[in-house]
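Report on the structure
Residues per chain are reported as follows:
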Amino acid sequence: MQLRRQPLSAPRPGDTRPAAQRLAVPLLLLLALQGAAASGGPEDSGWLQDAEPSSRLLSQAARAALHFFNFRAASPSALQVLANVLDGRSWVNQKKEYKFDLVFTTEFYSAEEGEKRLGKCSAQVFFRNEKPRPAVNVTCTQLVKKERRQEEDYQLYKLMKQLKSPLNAVSIPDSHGYIAPSLRPIWDLAFLGSSYVMWQKSTPFLHYYMSQISSVKQWKTNDDAIDFDYTVLLHEFSTQEIIPCRIHLVWYPSKPLKVKYHCQERQTPEEASGTEEGSAVALTELSNF
Amino acid sequence: MSLPQTPYKYSLTQPLYDWHPWNMKWILFFGALIGSGICDRETFSGHQVFRINIRNEDEISKLNRLVNSDNLKLDLWKSPSTLGHPADVLVPSFSLQEVKSFLEDHGLEYSVAIEDLQIHKEMDSIVKSYPHLVSAVKIGHSFENRLMYVLKFSTGKGRQRPAIWLNAGIHAREWISSATAIWTARKIACDYGRDLVITSILEKMDIFLLPVANPDGYVYTHTHNRLWRKTRSVNPRSTCIGADPNRNWDSHFGGVGTSNDPCSDTYHGLHAHSEVEVKSVADFITNHGDFKCLIDLHSYSQLVMYPYGYTTSRVPDADELDMVARNASKAMASLSGTQYQVGSVGSTVYTASGNTIDWAYDNGIKYAFSFELRDTGFYAFALPADQIIPTAQETWLGLKTIMEHVRNNI
């Protein structure tokens with residue numbers, strides 16, 4: 001994979017952003033990033049630019065940025081996954097803070113067979129002290145027109161309101177990788193909630209994939225919104241651990257997503273059944289509930 | 001510019017439960033492949049053995065109804081001679097779902113033969129079909145006493161030749177690795193005498209193929225936990241089970257990228273080769289003394305890698321290995337466009353000490369490669385059945401590329 005280096009602020013030929021989605025970060029951090037970028041020199045703010053940024057690190061940062069993007073877009077029918085990193089730079093300073101400047105392509109998460117549409121994003125990602133929950137500034141080209149996206153979300157919403165709850169102890173996908181078409185909306189919504197968690201947990205050295213929904217606890221549609229309580233198994237690189245996370249989200253089309261979660265951090269000694277056995281898992285980490 | 005009008009993603013008319021063939025295909029796959037004369041055919045004659053508990057007269061009559069139903073084509077292997085003894089029924093692939101539904105609807109207790117027996121059955125079948133080329137080599141037993149079953153492909157008529165080791169299924173949850181290996185086994189056997197490349201390789205070298213390097217873990221992913229990775233050995237001072245067999249090799253053992261916590265998924269084990277599954281392979285290869293190539297199949301991430309894993313520093317043969325790996329990757333992409341990235345383990349995924357190919361390289365096996373097969377994280381370990389054959393087919397092109405280079409350079 002070849003990385004092409006271009007100046008940060010130079011316009012890229014062919015780069016059209018007619019209706020790009022702009023997502024905000026805390027202003028202070030944004031200024032900090034811009035300050036460091038504008039100066040351009042490696043000696044400013046103690047930032048040391050990586051002469052040969054590892055493609056692995058760049059991909060991980062891009063993934064974290066995309067998790068954040070998906071969470072903020074709150075659109076389960078229009079989730080995007082990383083395709084390729086086109087261009088990337090990384091810096092680190094003495095305080096062990098990591099900064100990334102990235103351009104990457106994305107694909108539709110739920111692409112139908114043969115439907116291959118590539119999106120493009122640019123992002124700045126900032127990790128404080130090798131810690132998780134990076135600050136992200138990301139803009140992406142629009143893969144689907146807003147009206148269509150809203151309509152798809154609404155279709156998904158209608159479907160979920162029709163589904164009876166709770167689903168009978170299904171793993172999604174099952175052991176053989178199968179997701180029934182009727183359960184697809186659940187998977188997409190679960191992935192949306194997981195995106196929040198995966199963003200929150202990402203560090204420069206840990207990244208995540210969603211492996212499986214291991215259980216669905218509850219499913220309500222109070223007041224119109226979908227209230228979804230489930231457990232997801234995240235696959236953590238590079239430890240290879242499977243992290244069960246209990247997630248509780250509330251979603252209504254075109255509204256911001258509300259998420260609470262609790263991940264089981266340490267693998268417990270062997271038990272035959274699921275992770276919810278025993279004490280009730282207290283949802284302690286709140287976000288924007 | 002308006003976007004094309006594709007139908008909405010979510011249909012409101014889908015039933016809640018769909019009968020589907022995917023489960024079947026995975027189960028079928030490990031059944032016997034009918035392919036005589038045509039090496040790439042996709043027909044299966046998979047089957048499973050159901051052991052059904054019979055507790056009363058009523059259940060006997062239910063069983064008879066099931067077995068006698070014409071379209072299901074069931075085969076009663078062992079009829080319940082007395083109440084309380086189970087019946088064994090052979091169920092062909094196309095009837096699996098119906099039989100399960102019937103049993104469940106009528107409250108009949110049953111258990112299904114576990115799939116590792118089916119992989120071994122398939123291996124038996126290959127040996128039987130190609131006796132002049134293929135033989136079974138039993139190199140040891142797993143912790144839970146399952147067979148470590150290797151296929152040897154040789155035209156050497158008993159004389160020792162330089163050899164290639166193909167390793168698969170060392171991590172239990174990476175099912176596509178074992179599936180690819182068993183497909184490859186039949187492909188090698190069938191293509192010998194037909195395909196120039198594999199024929200010329202086998203004229204000079206032997207191939208050893210281990211489809212399930214971690215049988216205990218593999219069974220466990222079927223019976224208990226689909227995402228289990230390690231072996232199933234008992235750790236003396238912990239309730240946690242198993243060690244990561246890909247951190248247990250005697251090469252920078254216990255170094256970076258491993259854990260000394262038995263509960264961790266990268267626990268290196270008590271000492272190098274403490275895991276009997278690893279020791280069996282290591283001892284066999286060492287005693288043989290003339291292995292030139294070792295390829296270790298994993299999933300997922302779509303990568304073709306060479307040593308080292310314990311460091312990001314380059315091995316002396318990095319240039320050559322990188323070139324071979326790139327050629328393999330190119331060959332793999334030529335089939336369906338699947339992209340496999342190339343690099344050393346340490347610089348491509350993460351540092352991982354005590355892994356298989358580091359040990360191989362340090363023990364004189366220059367052509368040591370590790371593959372991460374499909375996909376890149378969408379389905380991850382639970383790759384759907386319709387991707388097995390495409391994955392195996394493209395991987396085959398990569399394997400041939402490497403083996404051909406080895407043959408031409410020893």
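Residues numbered from 1 in each chain as written. Chains lettered and ligands numbered in written order. Predicted model: local features only at pLDDT ≥ 70, side-chain atom pairs only at ≥ 80, totals over all residues. Heavy atoms only, no water.

**Quick word on the overall build of chain A**
The secondary structure content of chain A amounts to four helices and 11 strands. Of all 289 residues assigned to chain A, the portion counted as buried reaches 53%. Sequence-distant contacts in chain A: of pairs separated by 6 or more residues, those separated by 24 or more amount to 63%. Surface summary for chain A: the accessible area is close to 13,200 Å², and the carbon and sulfur share equals 51%. (Helix = DSSP H or I, 4+ residues; strand = E, 2+ residues; numbered from the N terminus. Buried < 20%, exposed > 50% of the residue type's maximum accessible area, 1.4 Å probe, protein only. Contact = heavy atoms within 4.5 Å. Areas by Shrake-Rupley, 256 points an atom, 1.4 Å probe, with all protein chains shown as cover.)

**Notes on the pairing of strand E8 (residues 226-237) of chain A**
All names here are of chain A. Across the 12 residues of E8, 12 count as buried, placing the element largely inside the fold. The pairing of E8 with strand E9 (residues 242-251) spans 10 bridges and is classified as antiparallel. Note that in E9 the partner of Leu233 across the bridge is Pro244. (Pairing = 2+ DSSP bridges.)

**Details of the packing of helix H6 (residues 196-204) of chain B against helix H12 (residues 388-408) of chain B**
Residues and elements named next belong to chain B. Contact geometry of H6 with H12 gives a least axis separation of 10 Å together with a crossing angle of 45 degrees. Considering the angle they form, H6 stands oblique to H12. For the pair H6 and H12, the crossing hand works out as left-handed. Here Val197, Ile198, Ser200, Ile201 and Lys204 of H6 come into contact with H12, specifically with Trp396, Lys400, Met403, Glu404 and Arg407. Looking at the contact of H6 with H12, its residues break down into five nonpolar, one polar and four charged. (Axes fitted to C-alpha atoms, helices over the stretch in contact; angles between N-to-C directions. Parallel < 35°, antiparallel > 145°, perpendicular 65-115°, else oblique. Left-handed = near helix turned anticlockwise from the far one by under 90°. Nonpolar A, V, L, I, M, F, W, Y, C, P; charged D, E, K, R; others polar.)

**With respect to the UniProt feature "active site" (unreviewed entry) in chain B**
All names here are of chain B. Listed under "active site" (unreviewed entry) in the UniProt record, and renumbered for this structure, are Glu372. Within the secondary structure layout, Glu372 lies in strand E14 (residues 367-373). Take Glu372: its relative accessible area is 12%, and that puts it in the buried class. Glu372 has contacts with His298, Ser299, Tyr300, Ser301, Gln302, Leu303, Met305 and Tyr340, leaving out every residue within four places of it along the chain. Polar side-chain contacts of Glu372 include one of 3.3 Å to the backbone nitrogen of Tyr300. (UniProt positions renumbered as here; feature names shortened; annotations may be inferred. Polar contact = N/O pair within 3.5 Å; in protein donor to acceptor, adjacent residues only side chain to side chain.)

**Section: the confidence of the model for chain B**
All names here are of chain B. On average, chain B scores 87 in pLDDT, and the residues at 70 or more come to 84%. Across residues 11-24, confidence stays below pLDDT 50; counting only partners more than four residues off in sequence or on other chains, it has 29 contacts. Low pLDDT, under 50, characterises residues 41-45; the predicted model gives this stretch 11 contacts beyond four residues in sequence or across chains. This prediction of the complex comes with two scores: 0.78 for pTM and 0.77 for ipTM. (pLDDT = per-residue confidence, 0-100.)

**Side note on the confidence of the model for chain A**
Residues and elements named next belong to chain A. A residue-level look at chain A finds 70% of positions with pLDDT of 70 or above and a mean pLDDT of 78. Contacts from residues 1-28, a stretch scored under 50 in pLDDT, to residues over four places away or in other chains number 48 contacts. Considering only residues more than four positions removed or in separate chains, one finds that residues 268-289, a stretch of pLDDT under 50, has 38 contacts.

**Considering the packing of helix H2 (residues 55-73) of chain A against helix H4 (residues 184-201) of chain A**
Residue and element names in this part refer to chain A. At their nearest, the axes of H2 and H4 sit 8 Å apart, and the two run at 135 degrees to each other. The orientation of H2 with respect to H4, classified from their angle, is oblique. Considering only the axes of H2 and H4, their crossing is left-handed. Contacts between H2 and H4 involve Ala64, His67, Phe68, Asn70 and Phe71 from the former and Phe191, Leu192, Ser195, Tyr196, Met198 and Trp199 from the latter.

**Focus: the packing of aromatic side chains**
Taken as a whole and judged by the stated rule, the model has 28 aromatic pairs over all chains. For the ring pair B:Tyr220 and B:Trp228, a centre distance of 5.4 Å and an interplane angle of 70 degrees mean the geometry is edge-to-face. Accessibility assignment for this pair places B:Tyr220 and B:Trp228 in one class, buried. Taking the centre distance of 5.6 Å and the plane angle of 85 degrees together, the rings of B:Tyr308 and B:Tyr361 count as edge-to-face. Of this pair, B:Tyr308 sits in the loop between strand E12 (303-306) and helix H9 (318-336) while B:Tyr361 is found in helix H11 (residues 356-362), placing the two residues 53 residues apart along the sequence. What makes B:Tyr361 buried here is its relative accessible area of 11%. Cluster of aromatic residues (ring-pair linked, three or more members): A:Phe68, A:Phe71, A:Tyr196, A:Trp199 and A:Tyr261. In this structure, B:Arg226 packs its charged tip against the face of B:Trp175, placed 3.6 Å from the ring centre. The ring of B:Tyr220 carries B:Arg232 above its face, with NZ or CZ at 3.5 Å from the centroid. (Phe/Tyr/Trp six-rings, centres within 6.5 Å; stacked < 30°, edge-to-face > 60°. Lys NZ or Arg CZ within 6 Å of the ring centre and 35° of its normal.)

**A look at helix H3 (residues 96-105) of chain B**
Three or more residues of H3(B) are buried, namely B:Leu96, B:Gln97, B:Val99, B:Phe102 and B:Leu103. Phi turns positive, to about 65 degrees, at B:Gly107, one or two residues after H3(B).

**Some words on the domain arrangement of chain B**
Domains assigned within chain B are domain 1 (48-114) and domain 2 (118-408). Between domain 1 of chain B and domain 2 of chain B, the C-alpha centre-to-centre distance is 38 Å. (Domains from an automatic or database assignment.)

**With respect to H9(B)**
Residues and elements named next belong to chain B. In a regular helix each residue adds 1.5 Å, so 19 residues correspond to 27 Å; H9 covers 28 Å between its end C-alpha atoms and thus fits that length. Against E12, strand E13 (341-344), H11, E14 and H12 lie the buried residues of H9. Phi for Gly337, located one or two positions after H9, is positive at around 85 degrees. (Expected span 1.5 Å × (residues − 1).)

**With respect to the state of the cysteines**
Under the definition given, this model contains three disulfides over all chains. Residue A:Cys245 pairs covalently with A:Cys263 via a disulfide, S to S 2.0 Å. Between A:Cys245 and A:Cys263, the S-S dihedral sits near 105 degrees, and the bridge is therefore right-handed. A residue pair is termed long-range when its members are at least 10 positions apart, and A:Cys245 in strand E9 and A:Cys263 in strand E10 (residues 258-263) qualify at 18 residues. Judged on exposure class, the residue A:Cys245 and its partner A:Cys263 are both buried. The side chain of B:Cys240 participates in a disulfide bridge whose partner is B:Cys263; the two sulfur atoms lie 2.0 Å from each other. Where B:Cys240 bonds to B:Cys263 through sulfur, the torsion about that S-S bond is close to 90 degrees, and the disulfide is right-handed. Of this pair, B:Cys240 sits in the loop between helix H7 (215-223) and helix H8 (276-288) while B:Cys263 sits in the loop between H7 and H8; the two residues are 23 residues apart in sequence, bridging distant segments of the chain. Each member of the pair, B:Cys240 as well as B:Cys263, carries the same accessibility label: buried. With its disulfide-bonded cysteines labelled consecutively along the sequence, chain A is connected as 1-2, 3-4. (Disulfide = S-S within 2.5 Å.)

**What to know about unusual backbone geometry**
Of note, the bond from A:Phe237 into A:Ser238 is cis; its omega dihedral lies within 30 degrees of zero at 10 degrees. Among the secondary structure elements, A:Ser238 is positioned in the loop between E8 and E9. In this model, B:Pro307 is joined to B:Tyr308 through a cis peptide bond whose omega is 5 degrees. Phi is positive for A:Asn129, which is not a glycine, with a value near 60 degrees. By the element assignment, A:Asn129 lies in the loop between strand E5 (118-127) and strand E6 (135-140). Here A:Asn129 falls in the partly exposed class, since its relative accessible area comes to 40%.

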